[in-house]
Structure formats: structure tokens, C-alpha cells
Amino acid sequence: MKKNFLYRTIDLYYDGFRHMTLGKTLWAVIIIKLIIIFAILKIFFFPNYINEHSESGYESDFVATELIDRASSP
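A brief report on the enclosed structure follows. None of these values were measured; they are calculated from a predicted model. (Residues numbered from 1 in each chain as written. Predicted model: local features only at pLDDT ≥ 70, side-chain atom pairs only at ≥ 80, totals over all residues. Heavy atoms only, no water.)

## So, the pattern of salt bridges
This structure, assessed with the given rule, holds 2 salt bridges. Two residues, R18 and D15, come together in a salt bridge whose shortest N-O distance is 2.6 Å. With R18 and D15 both in helix α1 (residues 5-18), this residue pair falls 3 residues apart, about one helical turn. Classification of D15 as partly exposed rests on a relative accessible area of 31%. (Salt bridge = Lys/Arg side-chain N within 4 Å of Asp/Glu carboxyl O. Helix = DSSP H or I, 4+ residues; strand = E, 2+ residues; numbered from the N terminus. Buried < 20%, exposed > 50% of the residue type's maximum accessible area, 1.4 Å probe, protein only.)

Written out as C-alpha cells, the structure reads:
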């Protein structure tokens, strides 16, 4: 019986991950680094500037005003 392409692809990756030894550790390190980058660094270094400086419901007006002001000033 001929299996479809999607099933064969999933089976290939599943079998590859199941037989990994060093690869599992490397994937764990990659996932931990991504969590650190996107979760922790975002919280501490990238605050929600628009939410802090605009009124609720008028965020788009705030962004438009900021873009126009910054484009017109040298």
C-alpha cells in the first residue's frame, strides 16, 4: 500500500527524533534560548510604549501622529 507524502514526511521526522541522542540535548538548548529571547528579554527590554503613551482606543491615532511628527522633524 502506497502511503501519502504527508504521512511519510511525518514518519521520517518522528523516526529521526526518536533515534536522536545528542540532537535531543541540542534541541533542548535551542528551545531554552528561544524562551529566554522571546519571553524574558521582551518583558524587561521592550516595554509596550504605545500602551503607556496613548489613550485606550486611540492607539492608531497616536501612531499616526508620531509617524507624521517624526517624518517632518529633521
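## Description of the side chain of S54
Relative to the helices and strands, S54 resides in the loop between α3 (49-53) and α4 (59-72). Residue S54 is classed as buried on the basis of its relative accessible area of 15%. From its side chain, S54 meets the backbone oxygen of I50 in a polar contact 2.6 Å long. S54 has contacts with E59 and F62, leaving out every residue within four places of it along the chain. (Polar contact = N/O pair within 3.5 Å; in protein donor to acceptor, adjacent residues only side chain to side chain. Contact = heavy atoms within 4.5 Å.)

## Some details on the packing of aromatic side chains
Pairs of aromatic rings are described using the distance from one ring centre to the other and the angle between the two planes. Here the structure, examined in full by the defined rule, presents 2 aromatic pairs. Relative to W27, the ring of F17 lies with its centre 5.9 Å away and its plane at 70°, an arrangement referred to as edge-to-face. Linking F17 in helix α1 with W27 in helix α2 (residues 22-45), this pair joins segments that are 10 residues apart in sequence. Where Y49 meets F62, the ring centres are 6.2 Å apart and the plane angle is 45°; that geometry is what we call tilted. Of this pair, Y49 sits in helix α3 while F62 sits in helix α4, and the two are 13 residues apart along the sequence. Given the relative accessible area of 41%, Y49 is considered partly exposed. Judged by relative accessible area, F62 falls into the buried class, the value being 15%. (Phe/Tyr/Trp six-rings, centres within 6.5 Å; stacked < 30°, edge-to-face > 60°.)

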